[in-house]
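Below are the chains, spelled out letter by letter.
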Amino acid sequence: MSLRILGTGSALPEKRVTNEDLTRLVDTSDEWIVTRTGIRERRVQTSESLTELGAKAALAALENAGAEKESVDLVLCTTVRGDAVTPGQACLIEKQLDLHCPAFDINAACAGFVFALHLCAAYLATGAFRRILVISAESMSSLCDWTDRSTCVLFGDGAAAALLEKGDSLVDIQLLCQPDGGELLYAGAPHGNSPFRLGEEKSPFLYMNGQEVYKFAVHASVDGLRALLEKNGVSPDQVDHYLLHQANYRILEAARTRLRQPREKFPLTLDGCGNTSSSSLPILLDSLNRSGKLKKGQLLAMSAFGAGLSAGTALLRWDKED
Ligand code: UT7
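Residue positions are given per chain, counted from 1 along the sequence in the order it is written. Given that this is a predicted model, residues contribute local features only at a pLDDT of at least 70 and side-chain atom pairs are listed and counted only at 80 or more, while totals for whole chains, interfaces and linings are drawn from all residues. Where side-chain values are given, they derive from all heavy atoms of the structure, hydrogens and water being excluded.

### Here's the deal with the pairing of strand 3 (residues 41-44)
Put simply, side chains in a regular strand alternate between the two faces of the sheet. Put simply, the test is: For every residue, the accessible area (1.4 Å probe, protein chains only) is compared with the maximum for its type, and the residue is labelled buried under 20%, exposed over 50%, or partly exposed between those bounds. Numbering of helices and strands starts at the N terminus; helices are DSSP runs of H or I of at least 4 residues and strands are runs of E of at least 2. Pairing between strands is defined by DSSP: at least two bridges between the two strands are required.
Here strand 3 shows a buried face lined by Glu41 and Arg43 and a second buried face lined by Arg42 and Val44. Relative to strand 3, strand 2 (residues 15-18) is paired through four bridges, and the arrangement is antiparallel. Within the sheet, the bridge partner assigned to Thr18 lies in strand 3 and is Glu41.

As structure tokens, then:
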């Protein structure tokens with residue numbers, strides 16, 4: 001598994017939206033949101049584009065790595081909804097960074113960052129690319145129906161990036177999809193104005209069957225992590241940090257208690273960022289990296305899940321000096 005992380009970065013919109021702010025938009029309460037999800041506030045785009053946020057996160061990752069942007073020979077962006085339908089978000093960010101290498105998007109919903117790591121490990125192993133800039137950039141506020149209390153309170157916007165090159169950091173990585181759950185978490189795409197198109201257009205707003213997705217999330221995190229650890233002869237106690245997709249504190253707690261691990265091994269950004277889809281894992285990674293809590297040689301277990309339904313788990317040995 002040929003990969004190591006050279007540096008990380010992240011960028012959030014300026015605007016903070018608290019749970020209290022949301023009570024003025026929908027019939028909800030701070031108490032409901034905090035007890036059901038653990039979220040206290042989220043950042044929401046106002047004038048910043050996703051391209052600007054992604055580029056800012058990318059520059060922060062390059063600086064953290066001590067790398068020149070010209071050393072990047074592939075830009076990948078994980079996103080469910082970029083600034084444009086086409087070109088891809090990766091191309092828009094690349095232009096902002098004034099880079100001239102191949103660039104394309106990956107959409108594996110909230111699990112996008114783990115799917116990107118998988119792809120990068122393969123690319124780096126073959127030597128097709130030497131340095132890959134992975135950016136996760138999500139504009140969930142553009143997907144949510146701000147009159148639907150069951151979804152708009154859950155999500156936030158943000159971007160994060162990681163600079164990767166060939167190395168021995170990635171111990172193992174597993175991806176899974178359960179496509180019969182596709183309708184459980186869904187946002188439609190507009191049909192356009194083709195006079196030939198038949199059938200009803202689905203709503204462009206995000207729909208989620210929260211309880212069914214919750215069950216999948218717990219199963220994907222707990223069983224996924226257990227299987228990955230067992231396969232690699234690692235006990236849950238040997239993992240130093242569990243980095244889980246930040247969707248709901250109750251999901252994190254279910255995973256933590258079933259793996260019998262202490263709270264400090266499950267870091268959080270959920271309370272201040274909400275669910276930022278594929279950005280949530282790299283935002284969490286960057287916050288840990290910058291807090292100085294990641295030490296060279298430590299074991300990191302990652303798990304992310306979302307629409308598809310899809311999920312990914314990864315085991316990494318942190319290979320960066322403090
Ligand atoms: O990143 C993608 C992956 N997504 C996830 O992992 C999300 C997984 N699911 C969840 O996190 C939880 O299912 C939710 C947080 C979405 C919902 O929590 P829940 O405990 O499953 O609540 P529920 O959907 O069963 O709703 C309970 C009640 C309902 O009212 P009744 O029918 O009991 O009267 C809802 O209408 O809570 C009501 N409700 C709200 N009340 C106040 C739903 N949203 C709200 C709200 N404020 N914002």
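### Structural notes on the sheet that holds strand 7 (residues 157-165)
Note the following rule: Each axis is a line fitted through C-alpha atoms, taken for helices only over the stretch in contact, and angles between the N-to-C directions span 0 to 180 degrees. Any two residues having at least one pair of non-hydrogen atoms within 4.5 Å are treated as being in contact.
Pairing is mixed across the open sheet formed by five strands, whose spatial order is 1-7-6-4-5. With partners counted over all chains shown, the strands left at the sheet margins are strand 1 (4-11) and strand 5 (103-106), one partner each. Adjacent strand axes in the sheet meet at a mean angle of 20° when their direction is disregarded. Here five bridges tie strand 4 (residues 74-78) to strand 6 (residues 131-139), and the two strands are oriented parallel to one another. Bridged to Val75 within strand 6 is Leu133. Packing of helix 5 (residues 112-126) onto the sheet brings it into contact with strand 4, strand 5, strand 6 and strand 7, and relative to strand 6 it is tilted by some 165°.

### Remarks on the state of the cysteines
Test applied: In this description, the term disulfide denotes a pair of cysteine sulfurs within 2.5 Å.
Using the criterion set out here, one finds zero disulfides in the structure. Cysteine Cys120 is unpaired, with the sulfur of Cys77 as its nearest cysteine sulfur at 12 Å. On the accessibility criterion, Cys120 (0% relative accessible area) is buried. Free cysteine Cys177: the closest other cysteine sulfur is in Cys110, separated by 13 Å.

### With respect to the site of the ligand
As a reminder, the rule being used: One heavy atom suffices: a residue is near a molecule or strand as soon as one of its heavy atoms comes within 4 Å of it. N or O atoms closer than or at 3.5 Å make up a polar contact, with two conditions inside protein: a donor-capable atom paired with an acceptor-capable one, and, for residues adjacent in sequence, both atoms drawn from side chains. For this classification, the nonpolar set comprises Ala, Val, Leu, Ile, Met, Phe, Trp, Tyr, Cys and Pro, the charged set comprises Asp, Glu, Lys and Arg, and every other residue, Gly included, is treated as polar. Each domain's extent was defined by an automatic or database domain assignment.
Within the structure, the ligand sits among 23 residues, and Thr28, Arg36, Gln211, Asn248 and Asn275 are positioned closest to it. A distance of 2.7 Å separates an oxygen atom of the ligand from a polar atom in the side chain of Asn248. Here an oxygen atom of the ligand sits 3.0 Å away from a polar atom, N or O, in the side chain of Arg250. Going through the elements one at a time, helix 2 (30-37), helix 6 (149-152), helix 7 (210-231) and helix 8 (249-258) are the ones with two or more residues in the shell around the ligand. Per-class residue counts for the shell around the ligand are eleven nonpolar, eight polar and four charged. Domain assignment of the residues forming the shell around the ligand places at least three in each of domain 1 (4-168) and domain 2 (172-317).

### Observations regarding the nonpolar core
Our working rule: Throughout this description, the term nonpolar core refers to a set of buried Ala, Val, Leu, Ile, Met, Phe, Trp, Tyr and Cys residues connected via side-chain atoms within 4.5 Å.
In this structure, Val153, Val239, Tyr242, Leu244, Phe305 and Leu315 are the most contacted members of the largest nonpolar core, which totals 43 residues. Every element with two or more residues in this core is listed here: helix 7, strand 11 (241-244), helix 8, strand 12 (299-306) and strand 13 (310-317). Counting the residues that make up this core, at least three belong to each of domain 1 (4-168) and domain 2 (172-317). The contact partners of Leu244, leaving out residues within four places of it in the chain, are Ser221, Leu225, Leu252, Ala255, Phe266, Leu284 and Ser303. Core analysis: the second largest hydrophobic core is formed by 34 residues, Leu117, Ala121, Val134 and Leu316 among them.

### Here's the deal with the pattern of salt bridges
Basically, it comes down to this: We count a salt bridge whenever a side-chain nitrogen from Lys or Arg sits within 4 Å of a carboxyl oxygen from Asp or Glu.
Summed over all chains, the structure comprises 13 salt bridges. Two residues, Asp286 and Arg290, come together in a salt bridge whose shortest N-O distance is 2.7 Å. Placement of both Asp286 and Arg290 in helix 10 (residues 280-291) is noted, with a separation of four residues, approximately one turn of the helix. Taking relative accessible area as the criterion, Arg290 reaches 46% and is therefore assigned partly exposed. The structure contains a network of salt bridges with shared partners spanning Arg4, Arg131, Glu165, Lys296 and Asp319.

### Some thoughts on the packing of aromatic side chains
Applicable threshold: Only centres within 6.5 Å qualify two rings of Phe, Tyr or Trp (six-membered ring in Trp) as a pair; their planes then separate them into stacked at under 30 degrees, edge-to-face at over 60, and tilted for everything else.
One pass over the full model with this rule turns up two aromatic pairs. Considering the side-chain rings of Tyr123 and Phe129, the 5.0 Å spacing of their centres and the 75° angle between planes classify their relative orientation as edge-to-face. Exposure remark for Tyr123: the relative accessible area of 25% places this residue in the partly exposed category. On the basis of relative accessibility, which here comes to 17%, the residue Phe129 falls in the buried class. Judged by centre distance (4.8 Å) and plane angle (15°), the ring pair of Tyr242 and Phe266 falls under stacked. With a gap of 24 residues between them, Tyr242 in strand 11 and Phe266 in the loop between helix 8 and helix 9 (270-273) connect regions that are remote in the sequence. Residues Tyr242 and Phe266 agree in their burial class; the two are buried.

### Describing the environment of Ala189
Among the secondary structure elements, Ala189 is positioned in the loop between strand 9 (185-186) and strand 10 (207-208). Note: C-alpha distance between Ala189 and Ser203 (14 residues apart in sequence) is 7.6 Å.

### Side note on the domain arrangement of the protein
Basically, it comes down to this: The quantity reported as buried area is the accessible area (1.4 Å probe) lost by two parts once they are put together, taken as the sum for both.
According to the domain assignment, the protein contains domain 1 (4-168) and domain 2 (172-317). In this structure, domain 1 and domain 2 have C-alpha centres spaced 14 Å apart. Counting residues at the interface gives 45 residues for domain 1 and 41 residues for domain 2. Summed over both sides, the interface of domain 1 with domain 2 buries roughly 3,400 Å², with 66% coming from carbon and sulfur. Summed over the three residues of domain 1 that lose the most area to domain 2, namely Cys110, Val114 and Phe115, the buried surface amounts to 18% of that side. Where domain 1 touches domain 2, the interface holds zero salt bridges. If you list the elements that add at least two residues to the side of domain 1 that touches domain 2, you get strand 1, helix 2, strand 3, helix 3 (50-65), helix 5, strand 6 and strand 7. At six residues, helix 5 tops the list of elements feeding residues into the side of domain 1 that touches domain 2. Here the residues of the side of domain 1 that touches domain 2 are counted per class, giving 21 nonpolar, 15 polar and nine charged.

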